[in-house]
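The primary structure of each chain is shown beneath.
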Amino acid sequence: MKLAAVIGDPISHSKSPKVHGHWLSRYGINGAYVPLHVTADDLGQTLDLLPRLGFRGCNVTLPHKEAVFARADQVTDRAARMGAANTLTFRDGQILADNTDSLGFLSNLRAGSEWTADTPVVVLGAGGAARGVLDALTQAGVPEIRLSNRTRAKADALAELFPNVVVAEWLPDLSGAGLVVNTTALGMAGQPPLEVDLTALSADAVVTDIVYTPLETPLLAAARGRGLTTVDGLGMLLHQAVPGFAAWFGQTPQVDDALRAAVLE
Ligand code: ATR
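Residues numbered from 1 in each chain as written. Predicted model: local features only at pLDDT ≥ 70, side-chain atom pairs only at ≥ 80, totals over all residues. Heavy atoms only, no water.

Caption draft 1: Spotlight on the site of the ligand. Every one of the 14 residues lining the ligand counts as a neighbour, but A126, N149, R150, T151 and K154 are closest to it. Side-chain polar atom of T151 to an oxygen atom of the ligand: 2.5 Å apart, as the coordinates give it. One nitrogen or oxygen atom from the main chain of A185 is found 3.4 Å from an oxygen atom belonging to the ligand. In the complex, 67% of the free accessible area of the ligand, which totals 640 Å², lies under the protein chains. Class assignment of the residues belonging to the shell around the ligand gives a composition of 5 nonpolar, 7 polar and 2 charged. (Near = heavy atom within 4 Å. Polar contact = N/O pair within 3.5 Å; in protein donor to acceptor, adjacent residues only side chain to side chain. Areas by Shrake-Rupley, 256 points an atom, 1.4 Å probe, with all protein chains shown as cover. Nonpolar A, V, L, I, M, F, W, Y, C, P; charged D, E, K, R; others polar.)

Caption draft 2: Representation of the nonpolar core in the model. Core analysis: the biggest nonpolar cluster contains 27 residues, and F105, W115, V123 and L137 have the highest contact counts within it. Of the residues forming this core, the biggest block, 5 residues, is contributed by helix α6 (residues 128-140). Non-local contacts of W115, meaning those with residues more than four positions away in its chain, are made with L106, L109, R110, V121, L137, A140, V142, G178, L179 and V206. By size, the runner-up hydrophobic cluster in this structure holds 18 residues, among which are V6, I11, W23 and L238. (Core = buried A, V, L, I, M, F, W, Y, C linked by side-chain atoms within 4.5 Å. Buried < 20%, exposed > 50% of the residue type's maximum accessible area, 1.4 Å probe, protein only. Helix = DSSP H or I, 4+ residues; strand = E, 2+ residues; numbered from the N terminus. Contact = heavy atoms within 4.5 Å.)

Caption draft 3: Representation of the sheet that holds strand β12 (residues 229-231). In space, the 6 strands of this open sheet follow the order β9-β8-β7-β10-β11-β12, with parallel pairing throughout. The sheet is open, and its two borders are formed by β9 (165-168) and β12, each paired with just one other strand. Pairs of neighbouring strands in the sheet enclose a mean axial angle of 20 degrees, with direction left out of account. Lying on the sheet, helix α5 (residues 101-112) is in contact with β10 (179-182), β11 (206-209) and β12; it crosses β12 at an angle near 145 degrees. Of the strands in this sheet, β8 (145-148) and β9 touch helix α7 (residues 152-159), which is tilted by about 170 degrees from β9. (Pairing = 2+ DSSP bridges. Axes fitted to C-alpha atoms, helices over the stretch in contact; angles between N-to-C directions.)

Dropping the structure here:
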């Protein structure tokens, strides 16, 4: 049986077992994907033991993404740019580390819209999630990214890592933007909404949110109300899971409505 896991602390909230479980049954693969609660103290032993128990790899969630990157034997370029990994493959006694968050973001955006990388993008928020989004947009060739964060110093620090990122005020003017990305916690269930003025956006602009609880955040609802294309955050979670599944279980899986429904159950 082919085995993979997701490790984190906490872990019970993770939707990854539903994603991989759906694909395993859909493709008739004799495999299992299990959530494992792993504390920082147990991380080193867990990474030694999983391959010896026959695991082919694992996903990694908070708070271990930086620690597993530091322990890896080989890292992909995109993981190196993040200094963090979310997908590990165990092969020939080595740990290969990848970071698929930026791929998940772009794949979701492209699957859900006609977005092209030729106009300025506004990114709201400057936390860990924003870094992956900025990397994805930079790699896609976006000419100008306007980064806006409540705490400006964090935006300034992040902007130094990316030549095409300029820091904008909080909350920013959206004039001329072809894409608006929310990476803040605002709009998540239990949080206040993100109240940014959408009136300056042109009719072909796209608005996306990495928050997916609720699926339609107040920001996305307001954008939809203005007739703009919206892309919800669930797809990012689904698309970022594709490379791991392909590496561990030998089948490149599809992200489709059946998967979305299974994960939302
Ligand atoms: P993540 O890894 O999900 O990005 P994070 O690193 O904790 O999480 O970042 C959370 C982001 O949401 C930050 O940009 C944060 O802004 P600050 O840097 O000013 O804290 C933003 N955020 C959270 N609550 C917010 C609020 N009430 N108003 C504005 N921004 C908020």
